[in-house]
Amino acid sequence: MRAFLASSIGVTCAAVLALPSAAPAGAAPDTRTVPAAPAGSAASTDLPGSTQSLPMRPLPAESGRAAETSGQGLTEREVRPFSLVGVVWDDVDTELHGTVQVRTRAAGTDRWSDWQDLETHNAEHAADPGSAERDSGRARGATAPLWVGDSDGVAVRVVPDPPDPQDRTGHVVSLPGGLRLELVDPGEDPRPLPVGDEAAGAGDAAEPDAGEAEGTGDAAGAEPVTDGQAMTGAQLLADIRAEADAQVLAGMQAATAATATLPATDTGTEAGGGAETGATAETGAKTSAAALEPNVLPALSRAETEAQAGTESKTAAGARPYIGPRPRIITRKGWGADEKLRERAFAYTKTVKAAFVHHSATGNNYTCSQAPSVLRGIYRYHVKSSGWRDFGYNFAVDKCGNIYEGRAGGVTKPVLGAHTLGFNSNSMGIAVLGTFTKSNPPAAAVTAVSKLTAWKLGLFGANPKGKVTLVSGGGNKYKKGTKARLNVISGHRDGFATECPGARLYKKLGSARTSSARLQGR
């Protein structure tokens, strides 16, 4: 497999890698696992993007409310351009019991949006209790971020829940300390993509029922998704497909010679229900290696995927591997991830037994051509604002069905994410970009989830229609150490008492399991 791994790296120099103890069959070619380059190094590139962090102030007391219950916020003000907004606070273990709302002004206009809600119950999208990532001292409490489009004005209000009328002690609900408004500018795409039709694939469009609009404040540049048209997000990347395929081919031709130059390190400590491999690799990846990393891993046919699986298959002789064809995956380089933001080390779990499906709760007001910007915004919010080591999810899917590499470490490997509190070990997290509490997920997005799980779960021998037992690392539904019997493809709410992935997306998981298993040949 390492020969194929080297192919996607296009190695022309020796690089020290951090790899998990066992790589699955059929896992090639993979994305690079070269550590993040330190700022100012030859391999680093100054990618655009910035974060404004504004401390909140007490709001004037409203009529009939005590001053301590009036909340905190900021009045309307002009700020530097941003496209994604969220609220953070000091203590990662403190929940915000209240409402958080923002208004934003479309850039270059005097048009303000209505007040929009931010999802405050976001603690369950995080690293497991007791993990190195959660106990790093950098993690903060945070709302889910909201994509608002190009904006240059903002107002925010955070109001605590009213006292419980059944509580005769008169206890007043207090807000967490250190509330700050985070305004994220994802920056321009490092390589602008051609803009095409923004329609999603045929099937259910991400349109709410009448009177049930979600996140529909006047976000700049928002376009609707319509039914009955082919996926177009991939078309936006047509100009780099040939380049990506050529890069992979060139790397494969050099793979045999390069394999010997890829020493791997492997260490690990137990964390929750699985193992966390915190292997820290040497830095110094060469610019040439970074330049050869593809923007897109091309889709493979099932025959091609199974042929690669046969090179290092652990199955018995003559046994058929149940691995779905690898779908096209836009790499971190493809969506413009700034590798200087994340931690240099990679963390791995032992295997991938289950996939947890999420919605990002960032709203549906984005076009498919904006999806890379949404990802860069979430990435920066997760790392710079929330204090995580990297992007939380292992993969993301946009409304057009495009699949994106998430947390760094290799798309074929069991990378430890921060997506499902208590069940990050031995699992992967997939975030469908959008909010699907009252809006239907596009058929293209659900299909992409099926394709991705058929392939990735298949690499680790998991049946998408099966059940699996996972050990909880701690949460509000399963206490630490509890053995939970879950679907191999589960919604976030199956492992934690939460609304995620939204009722409408959750209803689609049954069909996703069936399609995923069919793609595996089951």
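Residues numbered from 1 in each chain as written. Predicted model: local features only at pLDDT ≥ 70, side-chain atom pairs only at ≥ 80, totals over all residues. Heavy atoms only, no water.

Put simply, helix α7 (residues 443-459) and helix α10 (residues 509-519) touch, their axes get as near as 8 Å, and they point 45° apart. Judged by the inter-axis angle, α7 sits oblique to α10. As for how α7 packs across α10, the hand of that crossing is right-handed. Within the contact between the two elements, α7 uses Val446, Ser450, Lys451, Thr453 and Ala454 and α10 uses Ser511, Ala512, Ser515, Ser516 and Leu519. Taken together, the residues that form the contact of α7 with α10 break down as 4 nonpolar, 5 polar and 1 charged. (Axes fitted to C-alpha atoms, helices over the stretch in contact; angles between N-to-C directions. Helix = DSSP H or I, 4+ residues; strand = E, 2+ residues; numbered from the N terminus. Parallel < 35°, antiparallel > 145°, perpendicular 65-115°, else oblique. Left-handed = near helix turned anticlockwise from the far one by under 90°. Contact = heavy atoms within 4.5 Å. Nonpolar A, V, L, I, M, F, W, Y, C, P; charged D, E, K, R; others polar.)

With that out of the way, let us pick up the nonpolar core. Membership of the largest hydrophobic core comes to 37 residues, with the highest contact counts inside it found for Phe395 and Trp455. Top contributing element to this core by residue count: α7, with 8 residues. By size, the runner-up hydrophobic cluster in this structure holds 24 residues, among which are Ala142, Leu341, Tyr366 and Tyr381. (Core = buried A, V, L, I, M, F, W, Y, C linked by side-chain atoms within 4.5 Å. Buried < 20%, exposed > 50% of the residue type's maximum accessible area, 1.4 Å probe, protein only.)

Once that is clear, we can look at the state of the cysteines. For the structure on display, the rule yields 1 disulfide. Each sulfur of the disulfide joining Cys368 and Cys400 lies 2.0 Å from the other. Here the disulfide of Cys368 and Cys400 is right-handed, its torsion about the S-S bond being about 90°. With a gap of 32 residues between them, Cys368 in the loop between β15 (354-359) and α6 (371-385) and Cys400 in the loop between β16 (395-397) and β17 (403-405) connect regions that are remote in the sequence. For Cys400, a relative accessible area of 0% corresponds to the buried category. (Disulfide = S-S within 2.5 Å.)

Strand β5 (residues 98-106) sits mainly inside the fold: 8 of its 9 residues count as buried. Alignment of β5 against strand β8 (residues 146-160), held across 9 bridges, turns out to be antiparallel. When the bridges of β8 are listed, Val102 appears paired with Val156. The pairing of β5 with strand β6 (residues 116-117) spans 2 bridges and is classified as antiparallel. (Pairing = 2+ DSSP bridges.)

What follows concerns the environment of Ile430. One can find Ile430 in strand β18 (residues 427-432). Along the primary structure Ile430 and His492 are separated by 62 residues, whereas in three dimensions their C-alpha atoms are 9.7 Å apart. Ile430 has contacts with Ala355, Phe356, Val357, His358, Phe395, Val397, Val449, Leu452 and Thr453, leaving out every residue within four places of it along the chain.

Right, let's talk about the pattern of salt bridges for a bit. All chains considered together, the criterion is met by 13 salt bridges. Across the pair Glu133 and Arg407 runs a salt bridge whose closest N-O atoms are separated by 2.9 Å. Pair noted here: Glu133 is in the loop between β6 and β7 (141-142) and Arg407 is in the loop between β17 and β18, with a separation of 274 residues, a long-range link. When sorted by exposure, Glu133 lands in the same class as Arg407, which is buried. Note that Arg332 is salt-bridged to Asp390, the shortest N-O span being 3.3 Å. Pair noted here: Arg332 is in helix α5 (residues 332-335) and Asp390 is in the loop between α6 and β16, with a separation of 58 residues, a long-range link. An identical accessibility class is assigned to Arg332 and Asp390; each is buried. Counted as one network, the salt bridges with shared partners bring together Arg332, Glu339, Arg342 and Asp390. (Salt bridge = Lys/Arg side-chain N within 4 Å of Asp/Glu carboxyl O.)

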